[in-house]
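The lines below spell out each chain.
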Amino acid sequence: MLTIKKVPTVVSNYQEDGDDNNNAAGIRTEDATQSQARGCARNCLGKCCLPVSKLPLYAFKKNDYPSKNNAVFPSDDGVSPISFLNNLLLAQWEDRMRRGLFRYDVTSCETKVIPGRYGFIAQLNEGRHLKKRPTEFRIDQVLQPFDENKFNFTKVGQEEVLFRFESNDDDKSRFFSSYAVDICSISPSVVAINVSPIEYGHVLLIPRVLDCLPQRIDHESFLLALYFAKEAADPFLRVGYNSLGAFATINHLHFQAYYLSVTFPIEKAPTRRIMTRKGLQGADLVVSELLDYPVRGLVFEGGCVLRDLSDAVASSCIYLQQNNIPFNVLIADCGRKIFLLPQCYAEKQALGEVSLEVLETQVNPAVWEISGHMVLKRRKDYDDASEDYAWKLLSEVSLSGVRFESVKACVSEATGLQVEVDTYNIDQKECIYDSEAPQVASHMQRDCPAIH
């Protein structure tokens with residue numbers, strides 16, 4: 001059995017030792033008293049409390065893809081319309097910040113764009129990895145059963161939840177400020193804060209929380225994540241996923257998302273088309289491979305409807321899971337572009353094959369780091385950060401060329417995509433978010449200290 005000493009990130013105030021104690025978990029005495037009449041004293045997301053709760057509900061319309069008008073406020077002044085989901089998420093997230101539910105103020109963390117071709121982003125977050133004692137973490141099994149005795153999201157307090165996120169059958173998306181949970185029909189999916197945020201608006205999307213799904217991709221849950229990115233309609237909100245063995249620290253199905261108003265380096269990388277499936281009216285489903293990037297990966301785009309794209313990625317992820325290959329996923333461009341990144345860093349770490357220089361950084365290269373947003377834990381690493389440094393660290397993550405070719409062949413089989421004959425079709429177009437200086441999303445202040 002391969003194990004590594006790992007420091008799990010604390011994503012909830014209920015994750016600490018002794019989390020049965022209300023005060024240790026951050027629950028006010030009056031809150032606990034009020035919740036006793038309708039569940040346990042913690043007002044949690046478990047079956048004891050959630051069925052008698054009324055949480056806000058964002059009910060999205062399942063419609064065809066692509067669409068450029070996703071539940072937006074109309075604009076009469078020429079300003080770009082703001083997604084209702086964006087407004088809701090950010091207002092609720094900032095409310096939790098004012099209430100002191102986060103472990104630190106992430107907007108005070110130093111952040112810079114590293115000079116170079118790709119513009120890797122470095123953040124100094126010196127205390128984030130010190131909030132939990134080290135534990136043994138098994139990394140040689142991507143699929144592991146759910147363990148109710150370990151921390152999971154049913155133990156999260158409802159004050160950390162922003163809203164439910166579920167589909168409806170109406171012709172448009174709707175929001176209800178208070179909506180009863182009916183667990184007889186479906187287990188609710190929720191959006192909650194990450195109390196140790198990497199960036200502004202950092203949240204967790206937890207599909208069907210009461211079903212206690214382990215951290216593994218399935219078709220319906222992945223489609224939910226794509227709808228979340230699509231409804232937000234903001235290219236600066238990315239959605240990420242880490243499998244077990246690829247630095248997921250909680251074995252309860254969840255995705256992460258946050259805002260960062262610069263182009264991720266992985267979004268700038270050139271690609272080469274390697275697989276296609278013909279669609280109606282030119283809506284081909286296309287898979288490309290990353291070129292000239294330190295981590296080998298696949299890029300999925302296109303399809304007639306959102307489910308076409310979602311099913312292709314989910315089928316690929318399921319193949320990786322069944323074959324015990326750790327991976328990360330980045331959902332970008334409002335759900336239009338998806339990066340699938342198999343990796344082997346934890347395996348190499350356990351076998352002693354990672355250089356001491358890289359190990360000493362204590363960086364766990366999960367989806368955000370692989371995408372080019374480096375969360376650094378030491379002042380020295382931050383001050384000395386360079387593109388060569390980022391490239392060297394991420395190169396340790398990538399599969400070998402031989403292993404990656406095997407993954408490509410199996411993805412083609414799993415998705416039914418036809419391998420392209422012309423393998424020289426290289427896409428080097430400029431990313432639509434590129435500029436000489438980092439752009440700032442419309443919902444963020446231009447003097448936000450999180451961007452330098």
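In this convention, every chain numbers its residues from 1, walking through the sequence in written order. The predicted nature of this model means local features are confined to residues of pLDDT at least 70 and side-chain atom pairs, given and counted, to a pLDDT of 80 or more, with totals for whole chains, interfaces and linings taken over all residues. Working from all heavy atoms in the structure, the side-chain values ignore hydrogens and water.

### Section: the sheet that holds strand β3 (residues 111-113)
Reasoning step 1: By definition, two strands form a pair when at least two bridges between them are found by DSSP. Secondary structure follows DSSP: runs of H or I at least 4 residues long count as helices, runs of E at least 2 residues long count as strands, and numbering of each begins at the N terminus. Reading across from one edge, β3-β4-β17 is the order of the three strands in this open sheet, with mixed pairing throughout. Two strands close off the open sheet at either side, each with one partner strand: β3 and β17 (373-376). In this sheet, adjacent strand axes meet at a mean angle of 20° when their direction is disregarded.
Reasoning step 2: As judged from the three bridges shared by β3 and strand β4 (residues 121-124), these two strands associate in the antiparallel manner. If you follow Lys112 over to β4, its bridge partner there is Ala122. Axis lines are fitted through C-alpha atoms, for helices just across the contact stretch, and the angle between N-to-C directions can take any value from 0 to 180 degrees.

### Considerations on helix α10 (residues 387-395)
Reasoning step 1: Among the residues of α10, those classed as buried are Glu387, Tyr389, Ala390, Leu393 and Leu394. Each buried residue of α10 sits inside an arc of 160° when the element is viewed along its axis, so together they form one side.
Reasoning step 2: Contacts are residue-level and defined by heavy atoms, with any inter-residue pair within 4.5 Å sufficient. The inward-facing, buried residues of α10 contact α7 (356-359), α8 (367-371), β17 and α9 (379-384). The buried label applies to any residue whose accessible area, calculated with a 1.4 Å probe on protein chains only, is under 20% of its type's maximum; exposed applies above 50%, and partly exposed to all values in between. Taking the helix axis as origin, the arc is that swept by the directions to the C-beta atoms.

### What to know about the pairing of strand β11 (residues 255-259)
Reasoning step 1: For β11, the tally of buried residues reaches five of five residues, placing the bulk of the element in the interior.
Reasoning step 2: Residues of β11 alternate between two faces, with Phe255, Ala257 and Tyr259 on one and Gln256 and Tyr258 on the opposite face, all of them buried.
Reasoning step 3: In this sheet, β11 lies alongside strand β9 (residues 203-206) in antiparallel orientation, the contact comprising three bridges. Note on β11: the bridge partner recorded for Leu204 is Gln256.
Reasoning step 4: Bridge count between strand β10 (residues 237-242) and β11: four bridges; the pairing is antiparallel. The residue of β11 that forms the bridge with Leu237 is Tyr259.

### Some details on helix α2 (residues 84-98)
Reasoning step 1: For α2, which comprises 15 residues, the first-to-last C-alpha distance of 21 Å matches the rise-based estimate of 21 Å (1.5 Å per residue) to within 8%.
Reasoning step 2: Where α2 ends, the next residue or the one after it, Gly100, has phi of about 75°, a positive value. Here the expected length of a helix is defined as 1.5 Å per residue gap, with one fewer gap than residues.

### A few points about the nonpolar core
It is characteristic of soluble globular proteins that their nonpolar side chains tend to be buried jointly.
Reasoning step 1: If you look at the biggest cluster of nonpolar residues, it comprises 67 residues, and the most contacted ones within it are Phe165, Phe222, Phe228 and Phe300.
Reasoning step 2: No other element matches the nine residues that helix α3 (residues 219-232) contributes to this core.
Reasoning step 3: Not counting the four nearest positions on each side in its chain, Phe222 is found in contact with Ile217, Phe255, Ser310, Val313, Ala314, Val329, Ile331 and Ile338. We call a set of buried Ala, Val, Leu, Ile, Met, Phe, Trp, Tyr and Cys residues a nonpolar core when their side-chain atoms join them within 4.5 Å.

### Some thoughts on the pattern of salt bridges
Reasoning step 1: By definition here, a salt bridge exists when the distance from a side-chain nitrogen of Lys or Arg to a carboxyl oxygen of Asp or Glu is within 4 Å. This model, assessed by the stated rule, comprises 22 salt bridges.
Reasoning step 2: Here Asp170 ties to Arg174 by a salt bridge, and the two come within 2.5 Å at their closest N and O atoms.
Reasoning step 3: Residue classification places Arg174 among the partly exposed positions, given a relative accessible area of 32%.
Reasoning step 4: Where Glu347 meets Arg403, a salt bridge forms, and the shortest distance between an N and an O atom there is 3.7 Å. Taken together, the positions of Glu347 in helix α6 (residues 345-350) and Arg403 in helix α11 (residues 401-415) put the pair 56 residues apart, joining distant regions of the chain.
Reasoning step 5: For Glu347, a relative accessible area of 30% corresponds to the partly exposed category.

### Considerations on the side chain of Lys337
Reasoning step 1: Tracing the backbone through its elements, the reader meets Lys337 in strand β16 (residues 337-342).
Reasoning step 2: Its relative accessible area of 19% is what places Lys337 among the buried residues.
Reasoning step 3: The residues contacting Lys337, other than those within four sequence positions of it, are Val299, Phe300, Glu301, Leu330, Ile331 and Ala332.

Function cannot be read off these values alone, since they describe shape.
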